[in-house]
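Chain by chain, the residues run as shown.
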Amino acid sequence: MDKKSNLEIAVNHSSLLGEGPVWDANRGVIVWVDILNGEIHEFSPDQKIHKIVKVHQNIGSIALCKDGNFLAALKNGFAFVNRENGDVTMIVNPEDHLPFNRFNDGKCDPAGRFWAGTMSLNEELNAGCVYAIEKDLTVKKKIDQVSIANGMAWNLDHTTFYFIDTPTHEIVAYQYDKETGSISDKKTLVSIPKEDGFPDGMTIDNEGMLWIAHWNGWQVTRWNPDTGEKLYNIPLPVSRVTSCTFGGENLEDLYITSAKVGLSDSELLDQPLAGSLFVKKKCGFKGVLAVEF
């Protein structure tokens, strides 16, 4: 990899559709999913141990639970996944009447609710919604008429929810109430130029700036949500950049997921690293800890 940019391959594995990286600070491991292969991956940078748990259905995203296991947004709804043996305990499927939808990206909010959005398997527009599952395991619909629910983040004082519906090319903000989980007053912060690819997964750093992965855009970018200004970008050797999060001992390492699904044979020859988990160590910025469910 490019020594100048500090970008490395974190682990020698290629996902079909790598997504949803979460740093587990308690265990010092990076966790991510391969949506289409129905796998949860866990890698210890210190011990160089790579574990895979299979859930035998599409898995859009995961959250860390306080008991050490995972809460997952699966094809068939929300479920707990046993970290050691992969046992899946289904909780509820808010879209059991929509068999051609699946869950996609998700994240825990500052109060520990797990938010996750759905999308149509054939990417039909406005067919999905965003839901949040509460501590008592009740589910509330938060946003409807979503096409491809993707990046989510909350600002540092927990008053704003940031969200990406990928085909819109926009990052939007809602007023957010931490106590109730309610959102209101949607406004557009950033419109991503078409030539930069589609905005996909998102994270926030300890300065309140947003980091966005660009599907078909070959990059991760950093934005000021208050001004809508693009501050920084990290070029990648793969086109389908899916998400990013900060990890490592001081949350100074940027982990970046990618995908190879849908690439032609010639594109795969040009992008042999497609589907890799990348890391930019000591990237010059710091993240914030993931909230547990």
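Quantities reported herein were computed from a predicted structural model and do not represent experimental measurements.

> Any chance you could explain the side chain of His-41 here in plain terms?
The topology assignment puts His-41 in strand 4 (residues 39-44). Among the polar contacts made by the side chain of His-41, one reaches the side chain of Glu-39 at a distance of 2.9 Å. Filtering out sequence-adjacent residues up to four positions away, His-41 remains in contact with His-13, Ser-15, Ile-30, Val-31, Trp-32, Asp-34, His-50, Lys-51 and Ile-52.

> Please clarify how the side chain of Asp-24 should be interpreted in this entry.
Tracing the chain through its elements places Asp-24 in strand 2 (residues 18-24). According to the relative accessible area criterion, Asp-24 is buried, its value standing at 4%. One polar contact links the side chain of Asp-24 to the main-chain amide nitrogen of Asn-26, over a distance of 3.1 Å. Once residues lying within four places of it in the same chain are set aside, the contact partners of Asp-24 are Val-29, Val-31, Leu-64 and Arg-83.

> Teacher, can you tell me more about the sheet that holds strand 9 (residues 88-92) here?
Working definition: the strands of a sheet are paired by backbone hydrogen bonds and lie parallel or antiparallel to each other. Read across the open sheet, the four strands follow the order 6-7-8-9; overall the sheet is antiparallel. Two strands bound the open sheet, and with one partner strand each, they are strand 6 (59-64) and strand 9. If you compare each strand with its neighbour and ignore which way they point, the axes differ by 30° on average. Looking at chain direction, strand 7 (residues 70-74) and strand 8 (residues 77-81) are connected through five bridges and run antiparallel. Within the sheet, the bridge partner assigned to Ala-73 lies in strand 8 and is Phe-78.

> Would you take a moment to explain the packing of aromatic side chains for this structure?
The way to describe two aromatic rings as a pair is by their centre distance and the angle between their planes. Under the defined criterion, the tally for this structure stands at 16 aromatic pairs. Both rings, one in Phe-78 and one in Phe-103, keep their centres 4.8 Å apart while their planes meet at 50°; by these two values the pair is tilted. You can see Phe-78 sitting in strand 8 and its partner Phe-103 sitting in strand 10 (residues 101-108), a full 25 residues away along the chain. When its relative accessible area of 0% is taken as the criterion, Phe-78 is described as buried.

What counts, and where the lines are drawn
Residues numbered from 1 in each chain as written. Predicted model: local features only at pLDDT ≥ 70, side-chain atom pairs only at ≥ 80, totals over all residues. Heavy atoms only, no water. Helix = DSSP H or I, 4+ residues; strand = E, 2+ residues; numbered from the N terminus. Polar contact = N/O pair within 3.5 Å; in protein donor to acceptor, adjacent residues only side chain to side chain. Contact = heavy atoms within 4.5 Å. Buried < 20%, exposed > 50% of the residue type's maximum accessible area, 1.4 Å probe, protein only. Pairing = 2+ DSSP bridges. Axes fitted to C-alpha atoms, helices over the stretch in contact; angles between N-to-C directions. Phe/Tyr/Trp six-rings, centres within 6.5 Å; stacked < 30°, edge-to-face > 60°.

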